[in-house]
Every structure is written in structure tokens, then in C-alpha cells.
Amino acid sequence: MREGRSAGPALPLRRPATASFQGRRDVILRVNAAPRPEGVSPPLFDGLFGLFSRDIGIDLGTANTLVHVRGRGIVIAEPSVVAKDHRTGQILAIGAEAKRMVGRTPASIVAIRPLKDGVISDFDITEQMLNYFIRKVHERALLFPRPRVIVGIPSGVTEVEKRAVQDAAISAGARWARLVEEPMAAAIGAGLPVNEPTGSMIVDIGGGTTEVAVTSLGGIVISRSIRIGGDEMDSDIVQYARREFNLLMGERTAEDIKIAIGSAYPLDEEVSTYFRGRDLLTGLPRSIEVTSAQIREAIEPSIEAIVDAIKATIEETPPELIADVMDQGIYLAGGGALLRGLDTRVAEATQMAVHVAEDPLTCVVRGCGMIVEDLPKYERSLVMETYSPNSR
Ligand code: ADP
Ligand code: MG
């Protein structure tokens, strides 16, 4: 594996939390370093260790991986993409650098998104990615005790994959690793009263999946996950360009257009931009002006699926909890929550108040960070431990 350098943050994070990361361009990674021998730390000493250790929360998202380090905030926000030479199997780049290669690779290089659909499609790659990100923040392994790690995972991953993620965190240098389902972490990060005997509804619209969950008393009471999120909107736009204008457009370009002028509800003032791509008839590049109303029409199928998933979850929620959700409102998190007018659209469809969580792209990782800082408080919210990595 090649040694990489950290690239700048890829997300338009609105808080200056990534500043510390930007200042760390010089960090040389030791991706190939052999895993440190596994020390067994008796629980008794965990508290003592905890005082010094830089505990880590990781959001292993379908589109973006974010890392929160106790006492430092969010230090990594990079796309969950790995570029690999498929002839040699060598990893060429991870994160932002790899994402820039998507759609631009020569035949021998593939840019892989190992969690694209909310399941781990390529475990080896996921493990290497996790390893890379943990080592990146945990380079001073000799000075600091090994960190405890909380990893947020899409709720669709299987038991085997969960265990594999946990193992990957341990082999990357974690002293202890536990998992939390992303909607739960998002609810915690959004500041919802998850531990109270009250129903809170969170909708996390990520790249590959949308997860809807109602929490109460520290657990998820009801949830639903669909494999439709921001990626599907991008592919809706690609298809629209082809269908309406015979224009061949890449998914990255489509994503840029979605972020620039996409919406889920009529805008006060409709705006426009340009579709750029290759004309399928002439084979030549062409650019066509499109309006926000057209983009809205293009992504409507995805929006409808998301709204339907929310409505279906509401229908299954016990009445007491629905009354609570009506009081509190529905919270939107994940990058998709930034789509203009989605809150209004959901409010209209459900007849409930809808709020976009503060800084929706970072809710899950902040939730993971909050968990790692107060484990006893959030113990019930973690994925049940099926085995103990330290007791092997
Ligand atoms: P995941 O948790 O699956 O990694 P994220 O929560 O990081 O996903 O969200 C990524 C998705 O959000 C992508 O599909 C991206 O295009 C979309 N996204 C990011 N910013 C915006 C925006 N301003 N408007 C609409 N969609 C956005
Ligand atoms: Mg997410």
C-alpha cells in the first residue's frame, strides 16, 4: 500500500471543526505498520486509561467517513472511497484523493465505495479504510494509550460484518471497540432525548441509504432502512439528462448540480444552472440550461420513496410515541437533509413539524463522540456485544 498524505476535508462542514485537520497535511501515515500486539486491559484500569486516551468515534457512512477524537473534535471528514489497482490489488488512495478518481480512472484502477448500499460489499477494502482512518489519528501510539473506539454502522449490516468491523478497529490499534447503529448515533448527535421515555423520530438521509427510526428509553423502537438516498438522486439526474436531452452525464456532475440547485419543494425563486455532458447523437460536448424545477422533477422518484418510508414508519409507531413525535417534531440528519425544501415537503406529507438537525452531515459522528465520552449513559444504545474482542 502506498503511503498517503491527508487531503483537505471533502465536506462543506459549516463548523470550523476541521481546522485542526487542515493543519495536519504533513502527517505521514504508517498504514503498513504491523498491528500492535493486543494488550488486555482489565476493565478496572479502563477508567484510568480513559483519562489520557484519545477515544475515537467513527461514522462509517456510505458516502463519507468522519472521525471524532475526544478533546479535539472532528478531525477527519473524507469520502468513503478507496482506489485500487485491480491487477495488483494494491490500494492507491483512500478518501478525498480516491473520490477525485471516480469516473476518471484508467481501466486498471477502480474506485470502490465499499459501503455504497449500506451493506459491506467488500470487506477487505472496508477494513483497510477503517485501518487507515484510525491510524491517521492514532499515530502517536507510543505516547498515548490505545483508544476506545465507537463505530457507527448502517443498520443493514449483518452480524458477521459487525464482528468484522469490530475486529478491524481492534487490529487498527483500538483497545476496545463497540458499534452503534447510525440512526441511533444521529439521534444522539442531533441532541434528541434518546434516554427519556419519550418517542423521538430521526430520519438520516445518507448517500446510499435513508434510515428512519423512532427512539425511546435508549433504544430504537421501530426503524426502517431503504437503499435510496443522495446517490439515487444523482442517478435520477443522470437518467433525466439522458431521457430529456440525450445527454450523457457523470454521477459526480449530477451530484454537483443536485447540491447547487436541487430541491424537494417549490422554491420562492427558481434558479438555473447548466447540464454539461456528451450529446449522445453527435458525440460532442454540449451544455444545456436546466432549472431547479426540472431538477426537482428529476429527483422526485427518490424524494417520494423517502417520504413514503417516513410515512410507513409513522404508521407502525405505537400511538403513545407518535404523540411524542408530534410534540417534538421529526428531525432530519445526513447530507440529504441539506436538500432545499425537504423539511417542508416532509412536513406537508406527515402533517408534523420537521426540523433539520444542526450540522446534519456530522450528527452521526458527533453522536459517536458523545457516546465514547459517556459510555455508561449510552450503553443501552450500543449494538449488543456478541463477543468480547479482548477475551480471545
Ligand atoms: P453517508 O452517511 O451515507 O456517508 P452523508 O450523510 O455524508 O452520507 O451524506 C452524503 C449525501 O448527501 C451525498 O449523496 C451528497 O450528495 C448529499 N449532500 C451533501 N450536501 C448536500 C446538499 N447541500 N444538498 C443535497 N444533498 C447533499
Ligand atoms: Mg450517515
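None of the values given here were measured: they were computed from a predicted structure.

Enquirer: Can you help me understand the overall build of the protein chain in this one?
Expert: In terms of regular secondary structure, the protein chain is built from 13 helices and 16 strands. Evaluated residue by residue, the protein chain yields a buried proportion of 54% over its 392 residues. Sequence-distant contacts in the protein chain: of pairs separated by 6 or more residues, those separated by 24 or more amount to 66%. About 17100 Å² of surface is accessible on the protein chain, with carbon and sulfur atoms providing 52% of the total.

Enquirer: Before we go on, may I ask you to explain the side chain of Asp234 in this structure?
Expert: Checked against the element boundaries, Asp234 lands in helix α7 (residues 230-245). For Asp234, a relative accessible area of 5% corresponds to the buried category. Non-local contacts of Asp234, meaning those with residues more than four positions away in its chain, are made with Glu251, Ala254, Glu255 and Lys258.

Enquirer: I keep staring at the sheet that holds strand β2 (residues 64-69) and nothing clicks. Help me out?
Expert: Hydrogen bonds between backbone groups are what pair the strands of a sheet, and the pairing can be parallel or antiparallel. A sheet is described by the order of its strands in space; here five strands give the open sequence β3-β2-β1-β7-β8, paired in mixed fashion. Edge positions in the sheet fall to β3 (73-79) and β8 (176-181), since each of these pairs with one other strand and no more. Adjacent strand axes in the sheet meet at a mean angle of 15°, parallel and antiparallel pairs treated alike. Sheet topology places strand β1 (residues 56-60) next to β2; five bridges connect them, and they run antiparallel. By the bridge assignment for β2, Gly57 is matched with His68. Sheet strands in contact with helix α5 (residues 159-171) are β1, β7 (148-153) and β8, and its direction is about 140° off that of β8. Lying on the sheet, helix α12 (residues 363-373) is in contact with β1, β2, β3, β7 and β8; it crosses β1 at an angle near 150°.

Enquirer: I'm lost on the confidence of the model for the protein chain in this one. Help?
Expert: Regions with low pLDDT carry predicted coordinates that are not meant to be interpreted in detail. Summary statistics for the protein chain give a mean pLDDT of 85 and a share of 83% for residues scoring 70 or more. Counting contacts from residues 1-47, a segment whose pLDDT is below 50, to residues more than four positions away or on other chains yields 93 contacts.

Enquirer: Could you clarify how one ought to interpret the packing of helix α9 (residues 292-316) against helix α11 (residues 342-350) in this entry?
Expert: Two packed helices can be described by the angle between their axes and the distance between those axes. The contact between α9 and α11 brings their axes to 10 Å, and the two run at 45°. On the basis of their axis angle, the class for α9 and α11 is oblique. When you trace α9 past α11, the crossing you get is right-handed. On the side of α9, the interface is formed by Glu300, Ile303, Glu304, Val307, Ile310, Lys311 and Ile314, while α11 contributes Leu342, Arg345, Val346, Ala349 and Thr350.

Enquirer: Hey, could you run me through helix α4 (residues 123-137) in this one?
Expert: For α4, which comprises 15 residues, the first-to-last C-alpha distance of 22 Å matches the rise-based estimate of 21 Å (1.5 Å per residue) to within 8%. Within α4, eleven of the 15 residues are buried, which leaves it mostly tucked inside the rest of the structure. Among the residues of α4, those classed as buried are Ile125, Thr126, Met129, Leu130, Asn131, Tyr132, Phe133, Ile134, Arg135, Lys136 and Val137. Of the residues that open α4, the one with a side-chain oxygen 3.2 Å from the backbone nitrogen of Asp124 is Asp122.

Enquirer: Help me out: how do you make sense of the packing of aromatic side chains in this one?
Expert: The relation between two aromatic rings is expressed through the spacing of the ring centres and the mutual angle of the planes. This model, assessed by the stated rule, comprises three aromatic pairs. Between the aromatic rings of Tyr132 and Phe133, the centroid separation amounts to 5.2 Å while the plane-to-plane angle is 70°, which identifies the pairing as edge-to-face. Taken as a pair, Tyr132 and Phe133 share a single burial class, namely buried. Their ring planes at 80° and their centres at 5.9 Å tell us that Phe245 and Phe275 sit as a pair that is edge-to-face. Of the two residues, Phe245 sits in helix α7 while Phe275 sits in strand β13 (residues 272-279), which places them 30 residues apart along the sequence. Among the residues examined, Phe245 registers a relative accessible area of 18% and is labelled buried. Aromatic rings pair up to connect Tyr240, Phe245 and Phe275 into one cluster.

Enquirer: Would you explain the sheet that holds β13 in this entry?
Expert: An order of β12-β13-β14 is seen for the three strands of this open sheet, with the pairing classed as antiparallel. Strands at the two margins of the open sheet, each flanked by one partner only, are β12 (247-248) and β14 (285-291). The sheet contact formed by β12 and β13 spans two bridges and is antiparallel. Each bridged residue has a counterpart across the sheet, and for Leu248 the counterpart in β13 is Arg278.

Rules and cut-offs
The numbers attached to residues start from 1 for each chain and follow its sequence in the written order. Written order determines the labels here, with chains lettered from A and ligands numbered from 1. This being a predicted model, a pLDDT of at least 70 is required before a residue's local features are given, and a value of 80 or more before pairs of side-chain atoms are given or counted; all residues contribute to the totals for chains, interfaces and linings. Water and hydrogen atoms were dropped before computing side-chain values, which therefore reflect all heavy atoms in the structure. Runs of E in the DSSP output that reach at least two residues are strands. Runs of H or I that reach at least four are helices, and both are numbered from the N terminus. Summary of the burial criterion: residues with accessible area below 20% of their type's maximum are buried, those above 50% are exposed, and those between are partly exposed, where the area comes from a 1.4 Å probe applied to protein chains only. Any two residues whose heavy atoms approach within 4.5 Å at even a single point are treated as in contact. Methods summary: accessible areas were calculated by the Shrake-Rupley approach with a probe of 1.4 Å, and residue burial reflects only the protein chains presented. Pairing between two strands requires that DSSP report at least two bridges joining them. Axis lines are fitted through C-alpha atoms, for helices just across the contact stretch, and the angle between N-to-C directions can take any value from 0 to 180 degrees. The pLDDT value tells you how sure the predictor is about a given residue, anywhere from 0 up to 100. Angle categories: roughly parallel below 35 degrees, roughly antiparallel above 145, roughly perpendicular from 65 to 115, and oblique for all the rest. When the near helix sits turned anticlockwise from the far one by under a right angle, the crossing is termed left-handed; a clockwise turn instead gives a right-handed crossing. To estimate the expected span of a helix, subtract one from its residue number and multiply by 1.5 Å. We define a polar contact as two N or O atoms separated by no more than 3.5 Å, with the added condition that, inside protein, one atom must be a possible hydrogen donor and the other a possible acceptor, whereas residues neighbouring each other in sequence contribute only through side-chain atom pairs. Pairing of aromatic side chains here covers Phe, Tyr and the six-membered ring of Trp, requires ring centres within 6.5 Å, and sorts the geometry by plane angle: under 30 degrees stacked, over 60 edge-to-face, intermediate tilted.

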